[in-house]
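Take a look at the letters that make up each chain.
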Amino acid sequence: MTHVEDELNSQPECWIRAAEEAGRHRGALPEPGERVAVVGCGTSYFMAQAVAALREGSGQGETDAFAASEFPSGRSYDRVVALTRSGTTTEVLQLLAELKGRSRTTAVTADPGTPVMEAADDLVVLDYADERSVVQTRFATTALTLLRAHLGLHTGAAVTDARTALATPLPQGLVECTQFTFLGRGWTVGLANEAGLKMREASLSWTEAYPAMEYRHGPISITTAGTATWMLGEAPDGLAEQVRATGGLWVGGGLDPLAELVRAQRLAVAVAAFRGLDPDQPRHLTRSVILAP
């Protein structure tokens, strides 16, 4: 078993712990009514998109998501939350330094022995969800579970569905597909983006991701036999039928959307194996992007 397989299989237990500990971290996380930005790089940026949509959608305050390198320096926020597994990513550390004394900052990280510990005002350490693999799985979903629980939006059903996602075979013919499109709505757009990234990182697949209602506005033109369209969350009316009419494979999202992401992680590993690739050795990637001065 690869590191990434071992780590993705441990997610239900990590989620349980994160939900249980959410109350202990309340003081480090955004309060209702605060104007908040959530930032990250790569996978963490896509988790930031999901968090921002969840928080604002539940009426707890205006919330934006940015890649750390694209943060709008002219804007003012009550708190900026940085998601960073390694705690060493250059763009995140630079942004936290720039925000010192301007906005309250919180870092959610997996490694307590890294520079982010000094860079942020408040810290949440999820060391039990740290990973050996370059390809992120459990840290990202555990951080999102912590924040879902903090927002009062996590339930035990997500854990149950994650176990189902790990135990149920993938749809027949999915691994053999040559192109994959992931769709989301609201907070699950970030999850769709992350599912596509997992496929690219682990299996070098041609993948795309879109808000579900945008799929009809051009992207559906590439759908045909040998392609797959996967919905994370509830699909717009009629979209499944339109995809099937193209000859493409439709994968409906019947589980909690975060559990659907676990299924997509499994698919990335399965496609890598099918193509003779090692998902623990993704091409051109390292665990953290550290730029020279």
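A brief look at the structure comes next. This one's a predicted model, so the numbers in the text were calculated from it and none came from an experiment.

### Some words on the environment of Ala19
Here is step 1: Within the secondary structure layout, Ala19 lies in helix α2 (residues 11-21).
Here is step 2: Excluding residues that lie within four positions of it along the chain, Ala19 makes contacts with Ala149 and His154.

### Comments concerning the sheet that holds strand β6 (residues 179-184)
Here is step 1: Read across the open sheet, the four strands follow the order β7-β6-β8-β9; overall the sheet is parallel. The open sheet has two free edges, formed respectively by β7 (206-211) and β9 (249-251), since each of these has just one partner strand. Taking each pair of neighbouring strands and ignoring which way they run, the sheet shows an average axis angle of 20 degrees.
Here is step 2: Of the pairings in the sheet, the one linking β6 to strand β8 (residues 227-232) comprises six bridges and is parallel in character. Along β8, the bridge assignment pairs Phe180 with Ala228.
Here is step 3: Across the sheet, helix α8 (residues 188-203) touches β6, β7 and β8, and the angle it forms with β6 is around 160 degrees.

### A few points about the packing of aromatic side chains
How two aromatic rings sit relative to each other is given by the distance of their centres and the angle of their planes.
Here is step 1: All chains considered together, the criterion is met by six aromatic pairs.
Here is step 2: Between the aromatic rings of Phe66 and Tyr77, the centroid separation amounts to 6.5 Å while the plane-to-plane angle is 70 degrees, which identifies the pairing as edge-to-face. Here the residue Phe66 occupies a position in strand β2 (residues 63-67), and Tyr77 occupies one in the loop between β2 and β3 (79-84), the gap between them amounting to 11 residues.
Here is step 3: When its relative accessible area of 2% is taken as the criterion, Tyr77 is described as buried.
Here is step 4: Taken together, the aromatic side chains of Phe66, Phe71 and Tyr77 make up a single cluster linked through ring pairs.
Here is step 5: Lying over the aromatic face of Tyr77, Arg35 brings its terminal NZ or CZ to 4.6 Å of the ring centre.

Cut-offs and rules
Residues numbered from 1 in each chain as written. Predicted model: local features only at pLDDT ≥ 70, side-chain atom pairs only at ≥ 80, totals over all residues. Heavy atoms only, no water. Helix = DSSP H or I, 4+ residues; strand = E, 2+ residues; numbered from the N terminus. Contact = heavy atoms within 4.5 Å. Pairing = 2+ DSSP bridges. Axes fitted to C-alpha atoms, helices over the stretch in contact; angles between N-to-C directions. Phe/Tyr/Trp six-rings, centres within 6.5 Å; stacked < 30°, edge-to-face > 60°. Buried < 20%, exposed > 50% of the residue type's maximum accessible area, 1.4 Å probe, protein only. Lys NZ or Arg CZ within 6 Å of the ring centre and 35° of its normal.

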